[in-house]
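Next come the chains, spelled out residue by residue.
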Amino acid sequence: MPTIHLHQTTIATPGQFLAGLTDFGPGRSELFGNSADNYLKVHDRGPSEADVTEGSGGIWERLHYDWSDPHRIVMTTTDSNAWGGHSGHTYTLTPQPDGTTDVGVVVVREGKNIKGRLLGILVGTGGKRILGKALGNTVKAIEARNYGAEAGSP
């Protein structure tokens, strides 16, 4: 069961990053490349949680989002065509003294079928590089959304 740990620094505040993470509207793929609009379905949303199906490229998952602690967002996979078990994502947003935010992400992928197990092998071998690049793109997009196109990490 691959578990990937990622870190990125952003000029976005924890609140700005959380707002991007929980924006389930059209154009979500501009922030999260693996969340295509045609897969996106919000089943339920409350003030600090949501039940959302998202995915791309033939892989989808239904996630329970919990941001009751706005500095720790837990996304638990509740259904998927590939992932099961303990799969999900946890984002930890830690404000830094210099005004930046440390974004820590833990991604757990447990294949529930042959497709998921094969994808799990790929995630285990190249996932840190691929998911790290995706996180970098998300950070840049959230910064651009909040600070304009010239924004960049320090």
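Each chain has its residues counted from 1, following the order in which its sequence is written. Only residues with pLDDT of at least 70 are given local features in this predicted model, and only at 80 or more are side-chain atom pairs given and counted; all residues enter the totals for whole chains, interfaces and linings. Computation of side-chain values covers all heavy atoms of the structure but excludes hydrogens and water.

(A) Focus on the pairing of strand 7 (residues 101–108). For the exposure calls, accessible area comes from a 1.4 Å probe over protein chains only, and a residue counts as buried if that area is under 20% of its type's maximum, exposed if over 50%, partly exposed in between. Each helix is a run of H or I in the DSSP string that is no shorter than four residues. Each strand is a run of E no shorter than two, and both are numbered from the N terminus. A large share of strand 7 lies buried, amounting to six of its eight residues. When DSSP locates at least two bridges between a pair of strands, those strands are taken to pair. With eight bridges connecting them, strand 1 (residues 3–10) and strand 7 associate as antiparallel partners. Across the sheet, the residue bridging to Leu6 is Val105, located in strand 7. Both strand 6 (residues 88–95) and strand 7 contribute to a ladder of eight bridges, which runs antiparallel. Along strand 7, the bridge assignment pairs Gly88 with Val108. Between the end of strand 6 and the start of strand 7, which pair antiparallel, lie five residues, with Gly99 showing a positive phi angle near 95°.

(B) Structural detail: the pattern of salt bridges. Every case where a carboxyl oxygen of Asp or Glu lies within 4 Å of a side-chain nitrogen of Lys or Arg is listed as a salt bridge. On inspection of all chains with the given rule, the structure shows five salt bridges. Ionic pairing is found between Glu54 and Arg28, a salt bridge with its closest N-O pair at 2.8 Å. In this pair, Glu54 is assigned in strand 3 (residues 49–56) and Arg28 in the loop between helix 1 (14–21) and strand 2 (41–45), connecting sequence segments 26 residues apart. Judged by its relative accessible area of 7%, Glu54 falls in the buried class. Across the salt bridge formed by Glu61 and Arg109, the nearest N and O atoms sit 2.6 Å from each other. You can see Glu61 sitting in strand 4 (residues 59–69) and its partner Arg109 sitting in the loop between strand 7 and helix 2 (114–147), a full 48 residues away along the chain. When sorted by exposure, Glu61 lands in the same class as Arg109, which is buried.

(C) A look at the nonpolar core. Take the buried Ala, Val, Leu, Ile, Met, Phe, Trp, Tyr and Cys residues and link them wherever side-chain atoms come within 4.5 Å; each set so joined is a nonpolar core. Counting 30 residues, the largest nonpolar core has Phe17, Tyr65, Ile73, Tyr91 and Leu135 as its most contacted members. Where this core is concerned, the elements lending two or more residues are strand 1, helix 1, strand 3, strand 4, strand 5 (72–80), strand 6, strand 7 and helix 2. In terms of residues, this core owes the most to one element, helix 2, which gives six residues. Whether two residues touch is decided by their heavy atoms; if any such pair falls within 4.5 Å, the residues are in contact. The contact partners of Tyr91, leaving out residues within four places of it in the chain, are Phe17, Leu21, Phe32, His71, Arg72, Ile73, Met75, Val103, Gly104, Val105 and Leu135.

(D) A look at helix 1. The element helix 1 is extensively covered by neighbouring structure, given that six of its eight residues are classed as buried. In the core, the buried residues of helix 1 are packed alongside strand 4, strand 5, strand 6, strand 7 and helix 2.

(E) Representation of the sheet that holds strand 7 within the structure. Reading across the sheet, the seven strands line up as 1-7-6-5-4-3-2 and stay open at both edges, with antiparallel pairing between neighbours. The sheet terminates laterally at strand 1 and strand 2, the two strands that pair on one side only. Taken over all neighbouring pairs, the strand axes of this sheet differ in orientation by 20° on average, direction set aside. Lines fitted to the C-alpha atoms define the axes, with helices restricted to the stretch that makes contact. Angles between their N-to-C directions range from 0 to 180 degrees. On the sheet, helix 1 packs against strand 4, strand 5, strand 6 and strand 7 and is oriented at approximately 160° with respect to strand 6. Docked against the sheet, helix 2 engages strand 1, strand 4, strand 6 and strand 7, running at close to 10° with respect to strand 1.

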